[in-house]
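Here is what each chain is made of, one letter per residue.
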Amino acid sequence: MGLELNKLSEQVNNMGSTIASRSAEIADRLPKARATLAKITNNDPVLEKKIERALSMHWTGAIPTSEPVHAVFQCPSHPERANIAAADGSQVYPDRHGIALYYLINTGSIIFRHGLDEAPICSSNPHLFHEDHDLYPNEVLIPSSLVNARRDIAELRELAQIAKREVKTAPTLLMLDNGLLLYLGLQTAEHRQSDEILGEYLETLSDIESTNACIAGVIDRPRAANVLRLLRLYDMENDMFDNHALRTLGDYSQLTDRMLFGTLQPGERSAIFVNASPQNLERYLPKGQKIVFYYVNAGTSEQPVILRVEIPEWVANQPEQLSLTHSGIVEQARFGKGFPYVLMRSHELAVVSWTERGHLDEMIGSSMHRSGLSAVISRKAQGKQWTNSAKRRYGQ
Amino acid sequence: MNDVNSQEKTNLSIPIGRMLRSDTTGFTFGCLLPEPEVPLFGDFVKAPAQQGLTEIIGIIHNIVIEDDLFVRQLIAAPELPEAYIQDQRKNRQIPIEVSVLSVGYSSQSNIIQGLPPQPPVTLDYIKRCSLNDVIHFTDRQDYLALILNSKETPAEELIATALQRASQARPIEDREIFLLQAGKELARLLSDDLSKLNSILRRIQVNT
């Protein structure tokens, strides 16, 4: 028996009511948050002291930069000619119930030559990993977090290759459909691998820096609350707060930065902040990279879409590069209903459908048969195939 | 004859798409937009079957350009730059679906006008018939009954267009005789439906 929706109707009704009342409660907290943001001034020695102590306690807030924290910046004009490129990746995880152990990373990329009336350059590069050192990097089967990290590196490398070619013709903006802090790789238990992966990622980021292209990680519907943590810190009476106070949002509970910056008009961006997370300041910064971020309204006045944009500090420090990330994302989002067109297309080029995965398994099975091997899935997988297939009833 | 010969060269065995689905009465194949030879309504095409033992001959009776949600939201975008249009047309893999009515098959150099013993298989290449293939196949007119009996095709339009294609495949001096014979066969098949007969004959005359 599958999901009996009729048994869920009452629960769904309750859920709807709960969401409505929670939304109203959360909305009531927003005016205070915005008022606090408006009060914060740059170079406030009291706040700076609090930030200094918070950082020593692995705080994950937002550190103000030279821009006033409540400043709003209009969208600059887009260069007449620019290259806008994006890369995205998808993966097939190792499946111990499948016909063979392997994993796959498929990277899709698109180079959009803004200002020219030509079709963008698209590509899709699949890579199959099946050797022992791929599958058992630490004598156990590779965890999905490591596959994800390998995928993220593949995306960034693809962009680095594009940057080398494209910067010769016009200013070049590279986009990724996620943040620039490699969280997944860092969560793996194997620290040595984690360091290696982070090293590869940061090296590639430095390669991009040397090409003079700029890069931005775009996050749709962000749940982050770094700036709200800054507001929480500002509200504290002094710098003698404890760890619990630092980890909670107090009056701003359940709010997000996206809600806080919901007043941005179409095309406008917020101030830039430094991401204070330990990943950024303790692992990225010693290797010469620091990630900063801003929020931008890439939608319309009727349908605002607040995106979080993460950029390296070297992009933020170069006005032309910063301007290209801002105008490039807004321009691309005009044709993606608030989300950059190139990111939608790179996802489309990367995604591996279930049908395609089935075809790949057939190809692998044929190859195994030719080598005299038996290619069978586990009994459990077989059972799932039988029971998950569309039901047919006689007489219908 | 020069125009016919040059057209013949461009037609030689160029795959125009791959099979999507099929049954005994017809098949549907997919192709992408910037194909060098975009198929036309009324074109004769061929597909392999029975592991190459037979070649099914069919006539294109419908061409569908599918949309998707991505395209739909772009339609509403104001001042859509050309690069976005080119991306959708040239890069995105949305196939044009082309439906074909099976009207006969060739087996060991023999042409049989009628339904094939087996349909073609998924992902088989579909090719446009060469002018010689069309002339050879349309030497007899039994396939016209198959089109008339088909419920899924615009039969009058399809017959008129297919006869024009078959006529134009022939040398100029042979075209009138060919159409006259076709007209006689149609008169026999449509003796109880004079308005339909008249409609087809008028179209053939006007366009030749």
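For the structure, see preceding data.
Residues numbered from 1 in each chain as written. Chains lettered and ligands numbered in written order. Predicted model: local features only at pLDDT ≥ 70, side-chain atom pairs only at ≥ 80, totals over all residues. Heavy atoms only, no water.

S.K.: Kindly report on the packing of aromatic side chains, identifying the contributing residues and their values.
M.R.: Enumeration according to the criterion identifies 13 aromatic pairs over all chains in this entry. Ring geometry for Phe273(A) versus Phe293(A): centroids 5.8 Å apart, planes at 25°, classification stacked. Linking Phe273(A) in strand β7 (residues 273-275) with Phe293(A) in strand β8 (residues 291-297), this pair joins segments that are 20 residues apart in sequence. Between Phe44(B) and Tyr143(B), the aromatic rings sit 6.3 Å apart at their centres with planes inclined by 75°, giving edge-to-face as the arrangement. Placement of Phe44(B) in strand β3 (residues 44-49) and of Tyr143(B) in helix α5 (residues 143-149) is noted, with a sequence separation of 99 residues between them. (Phe/Tyr/Trp six-rings, centres within 6.5 Å; stacked < 30°, edge-to-face > 60°. Helix = DSSP H or I, 4+ residues; strand = E, 2+ residues; numbered from the N terminus.)

S.K.: Describe unusual backbone geometry, and please don't skip the residues or the numbers.
M.R.: Positive phi, normally seen in glycine, also occurs at Lys337(A), with a value near 55°. Within the element layout of this structure, Lys337(A) appears in the loop between α12 (319-333) and α13 (341-350). Judged by relative accessible area, Lys337(A) falls into the exposed class, the value being 57%. Unusually for a residue other than glycine, Gln108(B) sits at a positive phi of about 50°. Looking at the secondary structure, you find Gln108(B) in the loop between β5 (96-107) and β6 (110-113). Gln108(B) gets classed as exposed once you look at its relative accessible area, which sits at 70%. (Buried < 20%, exposed > 50% of the residue type's maximum accessible area, 1.4 Å probe, protein only.)

S.K.: Before we move on, can you summarise the interface of chain A and chain B with the specific residues and values?
M.R.: Each partner contributes to the interface: chain A provides 18 residues, whereas chain B provides 17 residues. Overall, the association of chain A and chain B removes approximately 1,400 Å² of surface from exposure, summing both partners, and the carbon and sulfur fraction of that is 60%. The largest share of the area that chain A buries against chain B comes from Phe335(A), Tyr341(A) and Arg345(A), three residues that together contribute 38% of it. Applying the counting rule to chain A against chain B returns two salt bridges. With a closest N to O distance of 2.6 Å, Arg345(A) and Asp87(B) form a salt bridge. Elements represented by at least two residues in the side of chain A that touches chain B include exactly β3 (103-114), α12 and α13 of chain A. With four residues, α13(A) is the largest single contributor of residues to the side of chain A that touches chain B. Along the lines of polarity and charge, the residues of the side of chain A that touches chain B split into nine nonpolar, two polar and seven charged. (Contact = heavy atoms within 4.5 Å. Buried area = accessible area lost by both parts, 1.4 Å probe. Salt bridge = Lys/Arg side-chain N within 4 Å of Asp/Glu carboxyl O. Nonpolar A, V, L, I, M, F, W, Y, C, P; charged D, E, K, R; others polar.)

S.K.: Run through the sheet that holds strand β4 (residues 121-129) of chain A, naming residues and quoting values.
M.R.: Residues and elements named next belong to chain A. Spatially, the nine strands line up as an open sheet ordered β1-β7-β8-β9-β6-β5-β2-β3-β4, and their pairing is mixed. This sheet does not close on itself; its edge strands, each paired only once, are β1 (62-64) and β4. Each strand axis lies, on average, 30° off the axis of its neighbour in the sheet, ignoring direction. Against the sheet, α13 makes contact with β2 (82-92), β3, β4, β5 (172-176) and β6 (214-219), and its axis sits at roughly 145° relative to β3, the strand it touches most. (Pairing = 2+ DSSP bridges. Axes fitted to C-alpha atoms, helices over the stretch in contact; angles between N-to-C directions.)

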